[in-house]
Amino acid sequence: MADILNVKVSEFMAKVIAKNPGESEFHQAVKEVVESLMPFIEENPKYHYAKVLERMVEPERVMMFRVPWVDDNGEIQINRGYRIQMNSAIGPYKGGLRFHPTVNLGILKFLAFEQVFKNSLTTLPMGGGKGGSDFDPKGKSDNEVMRFCQSFMTELQRFIGSNTDVPAGDIGVGGREIGYLYGQYKRIRNEFTGVLTGKAIEWGGSLIRPEATGYGAVYFADQMLKTRGQDLKGKIAVVSGSGNVSQYAVEKLIQLGAKVVTMSDSLGFVYDPDGFNEEKLAFVLELKNIRRGRIKEYADKYNVKYFEGETPWGIKCDAAFPCATQNEINEDDAKKLLKNGCYLVSEGANMPSTPEAVEVYIEAKILYGPGKAANAGGVATSGLEMTQNSMRLPWSREEVDARLHQIMIDIHETCVKYGTEKDGFINYVKGANIGGFIKIADAMISQGVV
Ligand code: GLU
């Protein structure tokens, strides 16, 4: 049986690779899902006959467009913009925009594909999409970022809408960019609607949205620990990244009594054996969100070690929270983590572990929460922002946080339901993939061949 399934996975992947050449991250994301789903689809042939998976790997629509803008020296710059409208079976397309020089079609298709399952898991009515540009906001002036965002939205606005497609932030797109993008949308379309999430609180944003991805990854970790009768108190945590997701993962970890000993950026990581506290975290927020400097400054300020060009996976810990970017943990890193006693990985980033690293976790049967489950709190709270926008009524911090917390508990439950294996081990990868799939697949079947 296993052999037949392997052949089916290989045949399926051969077609995906032939049709989408060069898009290695997309192949990686699809393969992980197909491996989880193939046995389930074999047992439930209605999904096979309806070719649900074959349809899901083909985006409903892909937009690519020119984004010209003028830099501070008066020179014309040309970037490429994208929006992938991946799946709208259960709601309007929903997913972030990434501005980073590594952005290309394959990266955004992997992110859009993951987003479809993630959004389904949130229990909210959101389809999946993703977009962005190879524009690099690093080192650009506020005015340059604004002119870029205005040009980007001038084209994007024709494809999106509060009932059609609702973008948000991702790497390189935070409150500042969402503001500029929203301003331009409003100007062109002459309507004040919930077309973007991650908005500032004064003009339609939701409380807790900035915190949501990081908090959610920690709530998910807490749920995983509960299955072993444990909690986060006193646990040593290694966190990568120092952007929005990491910042609030660290905040929640501190609140729940864990000791966070690392943060990083693309140039290196800092190791603070005494642990971050609220004051130190406030320094990181100011450094990263306002001065837009490098994490090395933290090491200088607090007199701790800085490891240039390295990732934090060799540091001894109980729990790891990769919150930086895709494929940041490879097989060797995963082995190092486990050798040092790490037994929990909760992914704040999207697909931060390579397939080989995931295999290491699963073989060792550690608590491993894949991004599409563990980091779904961000987009879930975007869903709550959409609800508040539709009602034109804001909720309190407590209300949004309680809903976020409950959603993370529910996602965990779904993973347990579909991922528990015969020996009691919870395979969260399988659980998240099957749990996310069923709702979309059933919706697609109900809606006919579309
Ligand atoms: N970029 C985030 C994610 O990967 C959030 C998307 C959203 O809020 O729409 O899920």
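Thresholds, definitions, all that
Here the residue numbers are simple positions, counted from 1 along each chain's written sequence. The predicted nature of this model means local features are confined to residues of pLDDT at least 70 and side-chain atom pairs, given and counted, to a pLDDT of 80 or more, with totals for whole chains, interfaces and linings taken over all residues. Just so you know, side-chain values use all the structure's heavy atoms and leave hydrogens and water out. Secondary structure follows DSSP: runs of H or I at least 4 residues long count as helices, runs of E at least 2 residues long count as strands, and numbering of each begins at the N terminus. We compute the radius of gyration from the C-alpha atoms alone; for a globule the expected value is 2.2 Å times N to the 0.38, where N is the number of residues. For the exposure calls, accessible area comes from a 1.4 Å probe over protein chains only, and a residue counts as buried if that area is under 20% of its type's maximum, exposed if over 50%, partly exposed in between. Only heavy atoms matter for contacts: two residues are in contact if any of them lie within 4.5 Å across the pair. The convention is simple: Lys and Arg are positive, Asp and Glu are negative, and His and the chain ends are not counted. A charged residue contributes its charge at one atom only: NZ of Lys, CZ of Arg, CG of Asp or CD of Glu. What goes into a patch is any residue over 30% in relative accessible area without a salt bridge, connected to like charges within 9 Å or, for nonpolar side chains (Val, Leu, Ile, Met, Phe, Trp, Tyr), within 5 Å. The method behind every accessible area is Shrake-Rupley, applied with a 1.4 Å probe, and residues are considered shielded solely by the protein chains displayed. The salt bridge definition used is simple: a Lys or Arg side-chain nitrogen within 4 Å of an Asp or Glu carboxyl oxygen. Any two rings among Phe, Tyr and Trp, with Trp reduced to its six-membered ring, count as a pair given centres within 6.5 Å; such a pair is stacked if its planes are under 30 degrees apart, edge-to-face if over 60, and tilted if neither. Consider the ring centre and the ring normal. A charge sits over the ring if Lys NZ or Arg CZ is within 6 Å of that centre and within 35 degrees of that normal. This arc corresponds to the set of directions leading from the helix axis out to the C-beta atoms. Counted as a polar contact is a pair of N or O atoms within 3.5 Å, where, for protein atoms, one must be capable of donating a hydrogen and the other of accepting one, and residues adjacent in sequence contribute only when both atoms are in side chains.

Colleague: Give me the lowdown on the overall build of the chain, citing residues and values where you can.
Modeller: The number of helices and strands found in the chain is 17 helices and twelve strands. For 450 residues, the compact-globule estimate of 2.2 N^0.38 gives 22 Å, and the chain sits close to it at 21 Å. Principal axes of the C-alpha set define a box for the chain whose edges measure 65 × 55 × 45 Å. Of all 450 residues assigned to the chain, the portion counted as buried reaches 56%. Contacts in the chain between residues at least 24 apart in sequence constitute 71% of all its contacts with a sequence separation of at least 6. Taken together, the 53 basic and 57 acidic charged side chains of the chain have centroids lying 3 Å from each other.

Colleague: Just give me the short version of the environment of V449, but keep the residues and values in it.
Modeller: By the element assignment, V449 lies in the segment after α17 (428-446). Judged by relative accessible area, V449 falls into the exposed class, the value being 80%. Here the alpha-carbon distance between V449 and A112, two residues 337 residues apart in the chain, equals 21 Å.

Colleague: Account for the environment of P39, with residues named and values stated.
Modeller: Tracing the backbone through its elements, the reader meets P39 in helix α2 (residues 24-43). P39 gets classed as partly exposed once you look at its relative accessible area, which sits at 28%. Distance in space between the C-alpha atoms of P39 and I201 is 45 Å, their sequence separation being 162 residues.

Colleague: Please give an account of a nonpolar patch on the surface that cites residues and values.
Modeller: Side chains of V70, I76 and I78 sit close together on the surface and give an oily, nonpolar patch of about 290 Å² of accessible area. Relative to the assigned elements, V70 resides in strand β1 (residues 61-70).

Colleague: With reference to specific residues and values, describe the packing of aromatic side chains.
Modeller: Summed over all chains, the structure comprises 25 aromatic pairs. Ring geometry for F65 versus F152: centroids 5.4 Å apart, planes at 50°, classification tilted. Of this pair, F65 sits in strand β1 while F152 sits in helix α6 (residues 142-156), and the two are 87 residues apart along the sequence. An aromatic cluster is defined as three or more aromatic residues linked by ring pairs; in this entry it consists of F65, W69, F99, F135, F148, F152 and F159. Above the ring of Y215, the side-chain terminus of K252 is found at 4.4 Å from the ring centroid. A cation sits over an aromatic face here: K280 above Y302, 5.8 Å from the ring centre.

Colleague: Explain helix α12 (residues 331-339) to me, using residue names and the numbers behind them.
Modeller: Among the residues of α12, D333, A334 and L337 are the ones counted as buried. Along α12, the residues classed as buried sweep out an arc of 100° about the axis, all on the same side. Relative to its buried face, α12 has exposed residues pointing more than 90 degrees away, namely D332 and K339. Close packing links the buried residues of α12 with β10 (319-321) and α13 (355-364). At the N-terminal end of α12, a side-chain oxygen is found 3.1 Å from the backbone nitrogen of D332, two or three residues along, and the residue is N330.

Colleague: Describe the pattern of salt bridges, and please don't skip the residues or the numbers.
Modeller: Evaluation of the coordinates by the stated rule reveals 28 salt bridges. Between E58 and K19 there is a salt bridge, with the nearest N and O atoms lying 3.8 Å from each other. Linking E58 in the loop between α4 (52-56) and β1 with K19 in helix α1 (residues 2-19), this pair joins segments that are 39 residues apart in sequence. Note on E58: relative accessible area 38%, which makes it partly exposed. A residue is classified by how much of its surface remains accessible, and K19, at 60% relative accessible area, is exposed.

Colleague: Outline the side chain of Q157, supporting the account with residue identities and numerical values.
Modeller: As for its position among the elements, Q157 is in the loop between α6 and β5 (165-169). We classify Q157 as buried; its relative accessible area is 10%. A polar contact is formed between the side chain of Q157 and the backbone oxygen of T154, at a distance of 3.4 Å. Look past the residues within four positions of Q157 in its chain and what remains in contact with it is Y185, I188 and R189.

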